[in-house]
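One letter stands for each residue in the lines below.
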Amino acid sequence: MYEAVAFYLFSSLSLACLGVSVFSKNVLHAMSALAGGMIFISALFFLLGAEFLGVVQIIVYTGAVMVLYGFSMMFFDVSHNVNENHSVVSQRLIYTLSVFIALLLIIVFSAPLIAQNLAGEQSLQELGNIELIGLMLFSKYLIAFELTAIMLLVAMVAGIVLVHKNMDAQSNIEEIL
């Protein structure tokens, strides 16, 4: 009973934080919400009994988000909101991304089955701790781990693109002056 309540609490809090991260126009609010979402995802790992992955989630991913937070404080003017242009996305891009996501989901959902078949050939008593962690990571917890990695990658690429746009605008202003 308590596990179900904790699961729904942490999953709703992580979705809320990650939603704020996606829809916020202020970069510092988005980075703070992303760090909070990563902490709540690590709480889900602790609920599942994967303490190692929970600690790795906190140390690696939340630490990386905090580094992004520091970079965003250095590169962005946080005194006003960012105005975004919403352009029309072509149907070809939507189709390509849909096919790519479908193939990625097929690979992610089939990888645990392949890992379990490979693990079935060896007995678990012959494997060491590192091999068991790798087996659990690439079988039982693969989907959560990969989704977290993809979210972090998207956040890093978006941060780099935004910094690049600001640097181009500042260089254009300096050339005019």
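Note that the structure is a prediction, hence the values are computed from the model and not measured. (Residues numbered from 1 in each chain as written. Predicted model: local features only at pLDDT ≥ 70, side-chain atom pairs only at ≥ 80, totals over all residues. Heavy atoms only, no water.)

**Some details on the packing of aromatic side chains**
In step 1: Tallied over the entire structure, the rule returns 3 aromatic pairs.
In step 2: On the numbers, 5.4 Å between centres and 65 degrees between planes, the contact of Phe-7 with Tyr-8 is edge-to-face.
In step 3: Phe-7 sits in the partly exposed class, given a relative accessible area of 42%.
In step 4: Residue class for Tyr-8 comes out exposed when judged on its relative accessible area of 57%.
In step 5: A ring pair is formed by Phe-45 and Tyr-141, whose centres lie 6.3 Å apart and whose planes are at 75 degrees; its orientation type is edge-to-face. Separated by 96 residues along the polypeptide, Phe-45 in helix H2 (residues 27–47) and Tyr-141 in the loop between helix H5 (129–137) and helix H6 (142–176) bring together distant segments of the chain.
In step 6: Relative accessible area serves as the criterion here: at 8%, Tyr-141 is assigned to the buried category. (Phe/Tyr/Trp six-rings, centres within 6.5 Å; stacked < 30°, edge-to-face > 60°. Buried < 20%, exposed > 50% of the residue type's maximum accessible area, 1.4 Å probe, protein only. Helix = DSSP H or I, 4+ residues; strand = E, 2+ residues; numbered from the N terminus.)

**Focus: the side chain of Ser-11**
In step 1: Topologically, Ser-11 is positioned in helix H1 (residues 2–23).
In step 2: Exposure remark for Ser-11: the relative accessible area of 17% places this residue in the buried category.
In step 3: Engagement of the side chain of Ser-11 in a polar contact is seen with the backbone oxygen of Phe-7, the distance being 2.8 Å. (Polar contact = N/O pair within 3.5 Å; in protein donor to acceptor, adjacent residues only side chain to side chain.)

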